[in-house]
Amino acid sequence: MSDQVLSNLRIATMVEGYGLIDDGAVALSNGHISWVGPSNELPAEFKNFAKTSLEGRLMTPALIDCHTHIIFGGNRANEFEMRLNGATYEELARAGGGIISTVKATREASQEFLLESALPRIDAMIAEGVTVIEVKSGYGLDLETELRMLRAARAIAQHRPVRITTTFLGAHAVPPEYKNRADDYIDQICIPALRAADAEGLVDAVDGFCENIAFSPAQIARVFDVAKQLKLPVKLHAEQLSNIGGAKLAASYGALSADHIEYLDEEGVIALAKSGTIAAILPGAFYTLRESQVPPIDALRRHNVPMALATDCNPGSSPMTSLLLAMNMGCTLFRMTPLEALKGVTINAAQALGLKNCGTLSVGNRADLAIWNIQHPAELAYRIGFNPLHTRIFGGQS
Ligand code: DI6
Ligand code: FE
């Protein structure tokens, strides 16, 4: 659809808090927002646009899921069952289960299978008004499979109306063939795969898993040095299960985001504040792993570190495709406010991906919009298992 005006809306622009406009309208042209404001101030130049009344519904920016591992082979329902029979996540990981079992299944999967099996998960996100999804590699851990995952991720946008950003996560786990040789894995596989993926235009950002069961800060730093050479932004899984200084390392590289951060201390929070790094909060993994350590939300607030919220959609620690549920969990489990939750999946999620033209309803931004059958934006985080989406608009198209 081309030029149009949507009116009779309650609009949460997400510019300064909710940025609520009670009787609002937006004008869209060429897939972008050309005007937004109170209906009675609509400029004359938009009055001949096709006009649709939304009958008092709420409009927000479309949602952004800034952290997923949505491409993978197999699933881990069996490990879910084992955990419920007493095994811990770390024990499963050390016994070749966990991430490594998904690596085996992913290596066996074709690019077509990886794409096709991800599409139902993508569709679940789209049905909740999501228009941007970050997708990580990291279940290949060899050059060919890492590239195949990223190609499958890129292909999603040819099959669905959604914008995909790709993140190279070669430093996710040490594969069995490099057991106890993490440094060799970084030099011989991870870094060459990063260079190859970048040469193919498959990488928008570089990530790592900085944890005792994965990679040390020094090992991650070697990957980040290559990212820097390639002019790629970085982000990091940090302080999820323990505090080994991942967030501080990420901050020293000017990372876009530090993700999970349940075990982050105040010093780490200050480091994020100084570097302008977003704190990406992932309550789905906390919930699934029945963690008890909550991320330092108060300290993040005190030091003005913007918080993003994401599903962390993956087959092990967060088999979740609902960003609305992530919002609810962020509020109920971590005491985030409904406003913080909505900022976390709009304006701050855009920043966690380094995207400048989405996440708020502002003139010049992409016309990525969600229209909801609700009255107030707090209802998005308040409900559990209820999807009030009325219409999703992607680049001006519904
Ligand atoms: N942290 C996580 O929560 C996911 N990856 C990571 O580094 C878990 C991935 C998995 O268990 O498959
Ligand atoms: Fe993750």
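Quantities reported herein were computed from a predicted structural model and do not represent experimental measurements. (Residues numbered from 1 in each chain as written. Chains lettered and ligands numbered in written order. Predicted model: local features only at pLDDT ≥ 70, side-chain atom pairs only at ≥ 80, totals over all residues. Heavy atoms only, no water.)

Caption draft 1: Highlighting the site of ligand 1. Around ligand 1, the structure places 14 residues, and the nearest of them are R76, Y89, Y139, H172 and S317. In this structure, an oxygen atom belonging to ligand 1 sits 2.6 Å away from a side-chain N or O atom of Y139. Between ligand 1 and S317 there is a distance of 2.6 Å, counted from an oxygen atom to a side-chain nitrogen or oxygen. In the complex, 100% of the free accessible area of ligand 1, which totals 320 Å², lies under the protein chains. By residue class, the composition of the shell around ligand 1 is four nonpolar, eight polar and two charged. (Near = heavy atom within 4 Å. Polar contact = N/O pair within 3.5 Å; in protein donor to acceptor, adjacent residues only side chain to side chain. Areas by Shrake-Rupley, 256 points an atom, 1.4 Å probe, with all protein chains shown as cover. Nonpolar A, V, L, I, M, F, W, Y, C, P; charged D, E, K, R; others polar.)

Caption draft 2: Quick look at the sheet that holds strand β2 (residues 20–29). The strand order across the open sheet built from six strands is β3-β2-β1-β4-β13-β14, with neighbouring strands paired in mixed fashion. Of all the strands in the sheet, just β3 (32–38) and β14 (389–393) have a single pairing partner and so form its edges. Sheet twist, expressed as the mean angle between neighbouring strand axes with direction ignored, is 40 degrees. (Pairing = 2+ DSSP bridges. Helix = DSSP H or I, 4+ residues; strand = E, 2+ residues; numbered from the N terminus. Axes fitted to C-alpha atoms, helices over the stretch in contact; angles between N-to-C directions.)

Caption draft 3: Representation of the state of the cysteines. Taken as a whole and assessed by the stated rule, the structure comprises zero disulfides. A disulfide-free cysteine, C190 has its sulfur positioned 13 Å from the sulfur of C210, the nearest such atom. With no disulfide of its own, C331 has C66 as its nearest cysteine by sulfur position, at a separation of 16 Å. (Disulfide = S-S within 2.5 Å.)

Caption draft 4: Summary view of the sheet that holds strand β5 (residues 63–65). Pairing is parallel across the open sheet formed by eight strands, whose spatial order is β5-β6-β7-β8-β9-β10-β11-β12. Strands at the two margins of the open sheet, each flanked by one partner only, are β5 and β12 (307–309). Neighbour-to-neighbour, the strand axes of this sheet turn through a mean angle of 25 degrees, independent of strand direction. As judged from the three bridges shared by β5 and strand β6 (residues 130–136), these two strands associate in the parallel manner. Bridge pairing links D65 to I133 in β6. Strand contacts of helix α6 (residues 182–199): β7 (163–171) and β8 (205–210), with the helix running at about 160 degrees to β7, the strand carrying the most contacts. (Contact = heavy atoms within 4.5 Å.)

Caption draft 5: Spatial organisation of the pattern of salt bridges. For the structure shown, the criterion picks out 20 salt bridges. Between E177 and R107 there is a salt bridge, and its shortest N-O distance comes to 2.8 Å. Remark: R107 occurs in helix α3 (residues 99–107) and E177 occurs in the loop between β7 and α6; sequence separation between them is 70 residues. Note that E134 and K136 form a salt bridge whose closest N and O atoms lie 2.7 Å from each other. Each member of the pair, E134 as well as K136, is classed as buried. Here the residues in one salt-bridge network are R107, D142 and E177, joined through shared partners. (Salt bridge = Lys/Arg side-chain N within 4 Å of Asp/Glu carboxyl O. Buried < 20%, exposed > 50% of the residue type's maximum accessible area, 1.4 Å probe, protein only.)

Caption draft 6: Layout of the side chain of T346. Looking at the element boundaries, T346 is found in the loop between α13 (338–344) and α14 (347–352). Given a relative accessible area of 0%, T346 falls into the buried group. A polar atom in the side chain of T346 sits 2.7 Å from the backbone oxygen of L342. Beyond its immediate stretch of four places on either side in the chain, T346 contacts M14, P61, A62, L63, I64 and G359.

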